[in-house]
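A closer look at the structure
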Amino acid sequence: MKENFDKCLAMLLVHEGGYSNHVKDKGGATMLGVTQAVYEKWVGRDVTIDEMKALTPADVGPIYKNNYWDRGKCDDLVSGLDWSVFDMYVNSGNRSAKILQGLVAAKKDGAIGPKTLAAVEDHDPEELIEGFHRGRQDFYEGLNTFDTFGRGWTRRNKETLEQSMDMLADY
């Protein structure tokens with residue numbers, strides 16, 4: 001839903017946290033969930049670690065809107081499902097679209113378009129949110145870094161499910 005971006009961004013930033021640069025995280029230097037490579041592409045130049053550490057929600061909000069919320073067509077999804085799709089899009093790219101497409105029997109091309117959105121409308125939102133949660137967890141458990149990051153991913157997925165259901169109930 002169009003009205004949900006700011007609320008979802010605030011919840012996302014809680015999940016993403018502050019600065020990190022974990023040796024096993026392929027993203028490298030990351031602040032508020034935005035990797036150095038993504039930020040450099042956004043600003044069109046190389047940036048320093050100090051610049052990364054200084055990023056604010058105001059700096060990263062437009063990136064999340066353009067690169068993840070809009071690509072996930074979250075404005076066109078029901079409240080709660082938009083949050084699930086957005087959070088997964090940030091965390092795992094177009095895998096989010098593929099999970100949703102699998103749930104609604106749409107072509108799993110990783111791009112949410114008119115056909116996927118039409119198929120979504122033919123399904124119960126609560127069932128989609130629950131199915132999305134299961135698909136996301138299955139994806140995480142299949143990754144070779146699950147031993148390192150799995151506890152955090154599982155917690156995040158569970159929190160996103162709970163928040164999505166609350167949003168749907170309030171809708």
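For the structure itself, consult the block above.
Overview of the structure. It should be emphasised that the depicted structure is a prediction, and the values quoted were computed from it without experimental measurement. (Residues numbered from 1 in each chain as written. Predicted model: local features only at pLDDT ≥ 70, side-chain atom pairs only at ≥ 80, totals over all residues. Heavy atoms only, no water.)

1. A word on the packing of helix H5 (residues 81-92) against helix H6 (residues 95-103)
- Their axes nearest at 7 Å, the elements H5 and H6 cross at an angle of 140°. Judged on the interaxial angle alone, H6 and H5 are oblique. Two secondary-structure elements touch here, H5 through Leu 81, Val 85, Met 88, Tyr 89 and Ser 92 and H6 through Arg 95, Ser 96, Ala 97, Ile 99 and Leu 100. (Axes fitted to C-alpha atoms, helices over the stretch in contact; angles between N-to-C directions. Helix = DSSP H or I, 4+ residues; strand = E, 2+ residues; numbered from the N terminus. Parallel < 35°, antiparallel > 145°, perpendicular 65-115°, else oblique. Contact = heavy atoms within 4.5 Å.)

2. Examining helix H1 (residues 5-16)
- For H1, which comprises 12 residues, the first-to-last C-alpha distance of 16 Å matches the rise-based estimate of 16 Å (1.5 Å per residue) to within 8%.
- Residues of H1 that are buried include every one of Phe 5, Cys 8, Leu 9, Met 11, Leu 12, Leu 13 and His 15, and no others.
- Considering only its buried residues, H1 is in contact with helix H4 (57-69), H5 and helix H9 (146-170).
- Within two residues after H1, Gly 17 carries a phi angle of roughly 70°, on the positive side. (Expected span 1.5 Å × (residues − 1). Buried < 20%, exposed > 50% of the residue type's maximum accessible area, 1.4 Å probe, protein only.)

3. Quick notes on the pattern of salt bridges
- This structure, assessed with the given rule, holds 7 salt bridges.
- Two residues, Asp 87 and Arg 136, come together in a salt bridge whose shortest N-O distance is 2.8 Å. Here Arg 136 lies in helix H8 (residues 125-141) and Asp 87 lies in helix H5, a separation of 49 residues in the sequence. Arg 136 shares its class with Asp 87; the two are buried.
- Here Glu 162 and Lys 158 are joined by a salt bridge, their closest N and O atoms 2.8 Å apart. In this pair, Glu 162 and Lys 158 are both assigned in helix H9, 4 residues apart and thus about one turn of the helix distant.
- Through salt bridges with shared partners, a single network forms among Glu 16, Asp 87, Arg 136 and Arg 156. (Salt bridge = Lys/Arg side-chain N within 4 Å of Asp/Glu carboxyl O.)

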